[in-house]
There are 2 protein chains.
Amino acid sequence: MEPYSTELFHRVFSGRPTVFCYLAAQVSMTFFDQLKFDGSGLIPAIIQDQSTGRVLMMAWMNRASLEKTIATGKTHFWSRSRQKFWMKGETSGHTQAVKDIAFDCDGDTLLIQVEQVGAACHEGYRSCFYRSVGDGGAGVKVTEPQIIPPDQIYLKK
Amino acid sequence: MEPYSTELFHRVFSGRPTVFCYLAAQVSMTFFDQLKFDGSGLIPAIIQDQSTGRVLMMAWMNRASLEKTIATGKTHFWSRSRQKFWMKGETSGHTQAVKDIAFDCDGDTLLIQVEQVGAACHEGYRSCFYRSVGDGGAGVKVTEPQIIPPDQIYLKK
């Protein structure tokens, strides 16, 4: 299928009779209808740096935070521990500009391409996945440099 | 920290008295001790194609499937719907050779680099994330070619 342009969408459907509004609603529901949120209304979102391919983090979204992500072009999540919305970078300034939103064959995971400002990880690393397992499952190795001291991250905004 | 070699590990600890076995257990627990499995004993594993950086899929592991993944060098998961272990490619032959296992700052997500044989997706696409959202959240676009007809995937082994 080809993508639908929002601009075209509004040009075609704006001010049209009810039947057109009904069709418009059908089109705009297509994406969300293919998603499966879990029993808590959540879906995991993998965040990938579009320019490098580096996977930066994984966090959870509910439908409202996904809608906000699409509407603002900045990633918004749902914190399971704090039970509240959060925008990535709202305190640190390390925001993520959304470039693409993909979803998997089962519709139960999102893959979001972003342009990351600064460090995605609150520990000061570019990616949250800065540690790998040593050979055979024993031990741990750090695989990338810390780019910002953690105690300076929340002073930056 | 530097990785510990399994070969070295066995050379050093094999056949040693109890105190060495205790130390060996401490070393081998390092990685698992930093992981947080959820209330169902599961952790999400993001699977990435090491050579291209393409995110291929996301599936769930419990500790036993992760241990099996490390021991065999092939990805093994836990099916939440079928409540059983499965090895990627066990029916299709589209296996994943493990190249690296990373984990995030919170210890609650894995990122596994693999060498993928064939299609990761049961729909015949290289990646399960073959669909993206159209502009503004309306509509869906297919972003990569189907490399194998789905009805031929499970005839290949």
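In what follows, the structure referred to is the one given above.
Because the structure is predicted, anything quoted here is derived from the model rather than measured.

(A) Focus on the overall build of chain A. Counting secondary structure elements, chain A contains 4 helices and 8 strands. The 157 residues of chain A split such that 46% are buried. Within chain A, contacts between residues at least 6 apart in sequence are counted, and of these 44% link residues at least 24 apart.

(B) Expanded view of the environment of V142(B). Here V142(B) lies in strand β8 (residues 140-142). According to the relative accessible area criterion, V142(B) is partly exposed, its value standing at 40%.

(C) Examining helix α3 (residues 63-72) of chain B more closely. All names here are of chain B. Within α3, the full set of buried residues consists of S65, L66, T69 and I70. Across the axial projection of α3, the buried residues extend over an arc of 140°, all falling on one side. Taken from the residues just after α3, G73 is the one with a positive phi, measuring 80°.

(D) Local environment of the packing of aromatic side chains. Applying the stated criterion across every chain yields a total of 10 aromatic pairs over all chains. With a centroid separation of 4.9 Å and 35° between ring planes, the pair formed by F77(A) and W86(A) is classed as tilted. Grouping aromatic residues by their ring pairs yields a cluster made of F31(A), F32(A) and F103(A). Geometry around F32(B) places R63(B) over its ring, the cationic atom sitting 4.1 Å from the centre.

(E) Representation of the sheet that holds strand β5 (residues 96-103) of chain B within the structure. Read from one edge of the open sheet, 6 strands run β8(A)-β7(A)-β5(B)-β6(B)-β1(B)-β2(B), paired in mixed fashion. Either end of the sheet is taken by a strand with one partner, and the two such strands are β8 (140-142) of chain A together with β2 (55-62) of chain B. Averaged over neighbouring strand pairs, the angle between their axes works out to 35° when direction is ignored. Contacting β2, β5 and β6 (110-116) of chain B, α3(B) crosses the sheet at an angle of about 120° to β2(B).

(F) Up close: unusual backbone geometry. A positive phi angle, close to 55°, is found at Q83(A), a residue other than glycine. Locating Q83(A) in the fold gives a position in the loop between β3 (76-79) and β4 (84-87).

(G) Summary view of the nonpolar core. F31(B), L66(B), I101(B), L110(B) and I112(B) are the most contacted members of the largest nonpolar core, which has 28 residues in total. For this core, the elements supplying multiple residues, two or more each, are α2 (18-33), β1 (42-49), β2, α3, β5 and β6 of chain B. Per-element tally for this core: the top contributor is β2(B), with 4 residues. Beyond its immediate sequence surroundings of up to four residues, I112(B) is in contact with A45(B), I46(B), I47(B), Q48(B), M61(B), T75(B), V98(B), D100(B) and I101(B). Grouped together as the second largest cluster of nonpolar side chains are 26 residues, F31(A), F77(A), F103(A) and V140(B) included.

(H) Just the sheet that holds strand β1 (residues 42-49) of chain A, in detail. Judged by pairing direction, the sheet is mixed, and its 6 strands sit side by side in the order β2(A)-β1(A)-β6(A)-β5(A)-β7(B)-β8(B) without closing on themselves. Single-partner strands in this sheet number two, and they are β2 (55-62) of chain A together with β8 of chain B. The mean angle between the axes of side-by-side strands here comes to 35°, regardless of whether they run parallel or antiparallel. Judged from the 7 bridges that link them, β1(A) and β2(A) form a sheet pairing that is antiparallel. Each residue of the ladder has a partner; that of L42(A), found in β2(A), is N62(A). Relative to β2(A), helix α3 (residues 63-72) of chain A is tilted by about 120°, and along the sheet it contacts β2, β5 (96-103) and β6 (110-116) of chain A.

Conventions adopted
Residues numbered from 1 in each chain as written. Chains lettered and ligands numbered in written order. Predicted model: local features only at pLDDT ≥ 70, side-chain atom pairs only at ≥ 80, totals over all residues. Heavy atoms only, no water. Helix = DSSP H or I, 4+ residues; strand = E, 2+ residues; numbered from the N terminus. Buried < 20%, exposed > 50% of the residue type's maximum accessible area, 1.4 Å probe, protein only. Contact = heavy atoms within 4.5 Å. Arc of directions from axis to C-beta. Phe/Tyr/Trp six-rings, centres within 6.5 Å; stacked < 30°, edge-to-face > 60°. Lys NZ or Arg CZ within 6 Å of the ring centre and 35° of its normal. Pairing = 2+ DSSP bridges. Axes fitted to C-alpha atoms, helices over the stretch in contact; angles between N-to-C directions. Core = buried A, V, L, I, M, F, W, Y, C linked by side-chain atoms within 4.5 Å.

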